[in-house]
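# A look at the structure
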Amino acid sequence: MKFFKFVGVGGVATAIQYVLLILLVELTSASVVLLSAISFMVSAVFNYLMNYYFTFESNAKHGVATIKFALVASCGLLLNTAIMHIMVEMQNIHYIVSQVSATIAVLFWNFFIHKYWTYNTGQLK
């Protein structure tokens, strides 16, 4: 059940990320990889709050969970940015196709690390 909640929250966060990415790409001439990173970070804030309260119903202290989340999100951001760089800039693949590939990779990374580390208070549920 948690996985489905996680995917639902992630779907909304991903929608936020994609809408912001498309708007930024269409309205600016900045690097697509940079814009992808910016939109990733904005959606991460939403993602943290919804996963903390809704998906994992965490009772971990925010100070601890926020630091853990930031570390996991930073690794996800690096993974996202690397995939976007390789696909968009090196292989010249359309940015939306590239972002979908990056999103799928980060989805699996995030779920397992958040479930077993970020929102875990030491009790297995």
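Residues numbered from 1 in each chain as written. Predicted model: local features only at pLDDT ≥ 70, side-chain atom pairs only at ≥ 80, totals over all residues. Heavy atoms only, no water.

## Some words on the packing of helix α2 (residues 32–55) against helix α3 (residues 62–90)
Their axes nearest at 9 Å, the elements α2 and α3 cross at an angle of 150°. Between α2 and α3, the crossing angle belongs to the class labelled roughly antiparallel. The interaxial crossing formed by α2 with α3 has right-handed handedness. A breakdown of the residues in the contact of α2 with α3 according to their chemical character gives 15 nonpolar, 8 polar and 1 charged. (Axes fitted to C-alpha atoms, helices over the stretch in contact; angles between N-to-C directions. Helix = DSSP H or I, 4+ residues; strand = E, 2+ residues; numbered from the N terminus. Parallel < 35°, antiparallel > 145°, perpendicular 65-115°, else oblique. Left-handed = near helix turned anticlockwise from the far one by under 90°. Nonpolar A, V, L, I, M, F, W, Y, C, P; charged D, E, K, R; others polar.)

## Some thoughts on the confidence of the model for the protein chain
Averaged over every residue, the pLDDT of the protein chain is 89; the share at 70 or more is 96%. Within the protein chain, no element has a lower average pLDDT than helix α4 (residues 95–118), which sits at 88, and none a higher one than helix α1 (residues 2–27), at 93. (pLDDT = per-residue confidence, 0-100.)

## Concerning unusual backbone geometry
The phi angle at Asn92 is positive, at roughly 60°, despite the residue not being glycine. Turning to its location among the elements, Asn92 is positioned in the loop between α3 and α4. With a relative accessible area of 69%, Asn92 lands in the exposed category. (Buried < 20%, exposed > 50% of the residue type's maximum accessible area, 1.4 Å probe, protein only.)

## Section: α1
Counting along an α-helix, one turn takes 3.6 residues, and residues three or four places apart therefore face a common direction. The end-to-end C-alpha distance of α1 is 37 Å, a good match for the 38 Å that 26 residues give at a rise of 1.5 Å each. Among the residues of α1, those classed as buried are Lys5, Phe6, Val9, Gly10, Ala13, Gln17, Tyr18, Leu21 and Val25. Where α1 is buried, its residues touch α2, α3 and α4. (Expected span 1.5 Å × (residues − 1). Contact = heavy atoms within 4.5 Å.)

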